[in-house]
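Okay, here's what each chain looks like letter by letter:
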Amino acid sequence: MKKIHSQSTTLAVFGWHTGFFVVTSLAIVMALSGCNKLDDNQTAGQKLDLAIGKTEKAAAEARVQGEQSSADVKAKTEAIFAKAGDALKNATENAESSANVFANKAINKIDDLAITTAISSELLKDAEIKFFRINVDTKDGAVVLKGTVPTDLVRERAAAIAKTFSGVQSVDNQLVIKAK
């Protein structure tokens, strides 16, 4: 039986991983020795050490660049979150302000309704006025009296009653005098 030595049998003996590593290492050493012509008196080990040093330097530079990129991303992310926080704060303040305005309007409407009801009720209790239809409207404390009454005395009495209630800012007496 003949022993044939070829690359495939050598790889089979050492395993493909070992063979691949050896072939790759030799290719790197040969490539680097051909590229680095600074000192032809260097040994293969010195050339390999030089190549490893250059690789480590390049890796360190890449790490620094990666760290800088990471810092840039962190700064941009923090800026975005700061803007989002400001926007949320403004939205909350606007919502609170809108809620306060809405609540004040609701309170004013309730106050206006209470004023209208109280004046209408008091007008119905008055012996001289209860027989006449007087419409009472209130908006923001301003009372408007509308309808017809027989005399100026009744007209003035209705306005005087309306002015006595708390929350009344003004009275617009639009009552018309019509004799029966």
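Residues numbered from 1 in each chain as written. Predicted model: local features only at pLDDT ≥ 70, side-chain atom pairs only at ≥ 80, totals over all residues. Heavy atoms only, no water.

Colleague: How would you sum up the overall build of the protein chain? Please name residues and give values.
Modeller: The number of helices and strands found in the protein chain is four helices and three strands. Starting at the N terminus and walking to the C terminus, you meet the elements of the protein chain as α-α-α-β-β-α-β. By the burial criterion, 16% of the 180 residues in the protein chain qualify as buried. Excluding contacts between residues fewer than 6 apart, the proportion of contacts in the protein chain whose partners are at least 24 apart in sequence is 54%. In the form shown here, the protein chain has an accessible surface area of approximately 13,900 Å², with 61% of it arising from carbon and sulfur atoms. (Helix = DSSP H or I, 4+ residues; strand = E, 2+ residues; numbered from the N terminus. Buried < 20%, exposed > 50% of the residue type's maximum accessible area, 1.4 Å probe, protein only. Contact = heavy atoms within 4.5 Å. Areas by Shrake-Rupley, 256 points an atom, 1.4 Å probe, with all protein chains shown as cover.)

Colleague: Requested: an account of the environment of Asp152, with residues and values cited.
Modeller: By secondary structure assignment, the location of Asp152 is in helix α4 (residues 152-163). A relative accessible area of 43% means that Asp152 is categorised as partly exposed. For the pair Asp152 and Ile177, spaced 25 residues apart in the sequence, the C-alpha separation amounts to 6.6 Å.

Colleague: Before we move on, can you summarise the pattern of salt bridges with the specific residues and values?
Modeller: Counted according to the given criterion, the structure contains two salt bridges. For the salt bridge of Asp126 with Arg157, the shortest nitrogen-to-oxygen distance reads 2.5 Å. One end of the pair, Asp126, is in the loop between α3 (44-125) and β1 (134-139); the other, Arg157, is in helix α4, with 31 residues separating them in the sequence. The buried category is assigned to Asp126, whose relative accessible area is 8%. For Arg157, a relative accessible area of 38% puts it in the partly exposed group. (Salt bridge = Lys/Arg side-chain N within 4 Å of Asp/Glu carboxyl O.)

Colleague: So, the nonpolar core: which residues are in play, and what are the values?
Modeller: Ile119, Leu123, Ile134, Val143 and Leu145 are the most contacted members of the largest nonpolar core, which totals 17 residues. Elements that contribute at least two residues to this core include exactly α3, β1, β2 (142-149) and α4. Among the elements that take part in this core, α4 stands out by supplying five residues, more than any other. Ignoring sequence-local partners within four residues, the contact set of Val143 consists of Ile115, Ile119, Val136, Asp137, Thr138, Ala162, Val168, Ser170, Val171 and Asp172. (Core = buried A, V, L, I, M, F, W, Y, C linked by side-chain atoms within 4.5 Å.)

Colleague: Can you tell me about the pairing of β1, naming the residues and giving the values?
Modeller: Burial of β1 is one-sided: the residues Ile134, Val136 and Thr138 facing one way are buried, the residues Asn135, Asp137 and Lys139 facing the other way are not. Pairing of β1 with β2 involves six bridges; the strand directions are antiparallel. The residue bridging Thr138 from the neighbouring strand is Val143, located in β2. Counted between consecutive antiparallel strands, the loop separating β1 from β2 contains two residues, among which Asp140 sits at a positive phi close to 55 degrees. (Pairing = 2+ DSSP bridges.)

Colleague: Could you give me a rundown of the sheet that holds β1, with the residues and numbers involved?
Modeller: Two strands in a sheet stick together by hydrogen bonds in their backbones, pointing the same way (parallel) or opposite ways (antiparallel). Strand order in the open sheet formed by three strands is β1-β2-β3, and the pairing between neighbours is mixed. Edge positions in the sheet fall to β1 and β3 (170-177), since each has one partner strand and no second. Put simply, the sheet's adjacent strands are angled 10 degrees from each other on average, direction ignored. Sitting on the sheet, α4 is in contact with β1, β2 and β3, with an inclination near 160 degrees to β3. (Axes fitted to C-alpha atoms, helices over the stretch in contact; angles between N-to-C directions.)

Colleague: Go over the environment of Val154 with me, naming the residues and quoting the values.
Modeller: Take Val154: it is sitting in helix α4. Exposure remark for Val154: the relative accessible area of 6% places this residue in the buried category. Considering only alpha carbons, one finds Val154 and Leu175, 21 residues apart in sequence, at a separation of 9.4 Å. Ignoring any residue separated from it by four or fewer positions in sequence, one finds Val154 in contact with Glu128, Ile129, Phe132 and Val149.

By themselves, these figures tell us nothing about what the structure is for.
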